[in-house]
Amino acid sequence: MDLLSGLSKEVVENIMEHSKGILEIDEYCEKHPRYKKMMLPDGRVICPVCYKDGRDGLVSKENSEAYYADSVEGRRKYLYKNSVVSNKSVLDKGFKTFFTKTDNEKSIRQEATLLIEPLASGEAMTVYLQGAPGTGKSHLASSMIKNINALANGKKCLFMNFPTLQQRIRASYSNQMSNDSEGKFIDQMTQADILVLDDIASEINPLSIQGQVSDFSARILYAVMDARAESKPTIITSNIPWRELENLLDPRVYSRMSHKIKVITFSGIRDKRKGAIG
């Protein structure tokens, strides 16, 4: 009896495609006694029907996991699980709660809204949100990725508060049991479809704008932007004006950030953390 006799053409092709060099052995399957077992190139002994059932189950599981990962809920879970923030509530911010009482605030929200489509399409660009502390930069960045995540063609987004990220990386140096590491976080940031780098250059006083971004910050920013600059969109928030940043950063980092740069300036907006929402 031929090893694959009685099986459909589709099953035979599936087995032959994934198991080159199979050998028939003189032993019948306990579960499917009609079929002799076969030895696969990796040494496994199995009958063709059991093999087919196993592969179908594996493919089904992979398809199911892949489908979930690319769903709105799967992308939302990815964002919440992998983002590094000091307060998770920032990830719940949306355009509806970005209240606008001035024409400038309305203009800023409109500019951000118009960028949703090109960002969701994966167009490689840098969106630089600059303004004084408390003007709503992080809120708007979160609003953008929240909307992108909800689209049918949404992308996996990641929100990384840079000062908090640095703290966790530094803490991992003295804790051998920590799951955090510089390499792990850099991999996550380069792999995300859309990345928010929140509050970069925080070590620079926005009033004096003197000194330089630390070597530690520059090393991380270079690794991330070198991988993303011309291939994936990145949203960056900072207190430092874009043109001033050039004097504070490694030229290689600034050059990579400059790729298709779109600057949104939060000028003339008061600190939203003080007093009533506005």
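Residues numbered from 1 in each chain as written. Predicted model: local features only at pLDDT ≥ 70, side-chain atom pairs only at ≥ 80, totals over all residues. Heavy atoms only, no water.

**A few points about the overall build of the protein chain**
Okay, so step 1: Broken down by element type, the protein chain carries 11 helices and 8 strands.
Okay, so step 2: Residue burial in the protein chain is summarised as follows: out of 278 residues, 45% are buried.
Okay, so step 3: Within the protein chain, counting contacts between residues at least 6 apart in sequence, those at least 24 apart form 70% of the total.
Okay, so step 4: Taken as a whole, the protein chain presents about 14,700 Å² of accessible surface, with 50% of it coming from carbon and sulfur. (Helix = DSSP H or I, 4+ residues; strand = E, 2+ residues; numbered from the N terminus. Buried < 20%, exposed > 50% of the residue type's maximum accessible area, 1.4 Å probe, protein only. Contact = heavy atoms within 4.5 Å. Areas by Shrake-Rupley, 256 points an atom, 1.4 Å probe, with all protein chains shown as cover.)

**A closer look at the pattern of salt bridges**
Okay, so step 1: Tallied over the entire structure, the rule returns 10 salt bridges.
Okay, so step 2: With its nearest N and O atoms 3.5 Å apart, the salt bridge here joins K184 to D180.
Okay, so step 3: Assessed through its relative accessible area of 17%, D180 is described here as buried. (Salt bridge = Lys/Arg side-chain N within 4 Å of Asp/Glu carboxyl O.)

**Observations regarding the sheet that holds strand β1 (residues 23-28)**
Either a parallel or an antiparallel arrangement is found when strands of a sheet pair, and the pairing is made through backbone hydrogen bonds.
Okay, so step 1: Taking strand neighbours across the sheet as the criterion, the 3 strands line up as β1-β2-β3 in an open arrangement whose pairing is antiparallel. Each having just a single partner strand, β1 and β3 (45-46) make up the two edges of the open sheet.
Okay, so step 2: Here β1 runs beside strand β2 (residues 36-39); their pairing, made up of 3 bridges, is antiparallel. Residue E24 lies in a different strand from β2, and its bridge partner there is M38. (Pairing = 2+ DSSP bridges.)

**Some words on the pairing of strand β7 (residues 234-238)**
Where a strand is regular, its side chains alternate between the two sheet faces.
Okay, so step 1: Most of β7 is tucked away: 5 of the 5 residues are buried.
Okay, so step 2: Because side chains alternate across β7, one face comprises the buried residues T234, I236 and S238, and the other comprises I235 and T237, equally buried.
Okay, so step 3: Note: strand β4 (residues 126-131) against β7, 5 bridges, orientation parallel. Counted as the bridge partner of V127 is I235 from β7.

**Thoughts on the nonpolar core**
Okay, so step 1: Judged by nonpolar contacts, the single largest core of 32 residues is most densely connected at M189, L197, I200, L245 and M257.
Okay, so step 2: Elements represented by at least two residues in this core include exactly β5 (157-161), α7 (162-173), α8 (182-191), β6 (194-200), α9 (215-228), α10 (242-245) and α11 (251-257).
Okay, so step 3: No other element matches the 5 residues that α9 contributes to this core.
Okay, so step 4: Those residues within four positions of M257 in sequence are excluded, and the remaining contacts are T126, I200, L221, M225, I236, W242, L245 and L249.
Okay, so step 5: Listed in part, the 28 residues of the second largest apolar core include L79, A112, I116 and I269. (Core = buried A, V, L, I, M, F, W, Y, C linked by side-chain atoms within 4.5 Å.)

**Some points on a nonpolar patch on the surface**
Okay, so step 1: A surface patch of nonpolar side chains, about 240 Å² in accessible area, is lined by L23, M39 and V45.
Okay, so step 2: For L23, the location among the structural elements is in strand β1. (Patch = residues over 30% accessible without salt bridge, like charges linked within 9 Å, V, L, I, M, F, W, Y side chains within 5 Å.)

**Some words on the sheet that holds β6**
Okay, so step 1: Read from one edge to the other, the open sheet built from 5 strands follows the order β5-β6-β7-β4-β8, with strand pairing classed as parallel. In this open sheet, the two edge strands, each paired with only one partner strand, are β5 and β8 (261-266). Sheet twist, expressed as the mean angle between neighbouring strand axes with direction ignored, is 15°.
Okay, so step 2: Here 5 bridges tie β5 to β6, and the two strands are oriented parallel to one another. Residue pairing in the sheet places N161 in a bridge with D198 of β6. (Axes fitted to C-alpha atoms, helices over the stretch in contact; angles between N-to-C directions.)

**So, the packing of helix α3 (residues 72-82) against helix α6 (residues 137-150)**
Okay, so step 1: Direction vectors running N to C along α3 and α6 enclose 150°, while the axes themselves pass 8 Å from each other. Between α3, through V72, R75, R76 and L79, and α6, the contact on the second element is made entirely by I145, N149 and A150.
Okay, so step 2: Grouping the amino acids of the contact of α3 with α6 by side-chain chemistry returns 4 nonpolar, 1 polar and 2 charged. (Nonpolar A, V, L, I, M, F, W, Y, C, P; charged D, E, K, R; others polar.)

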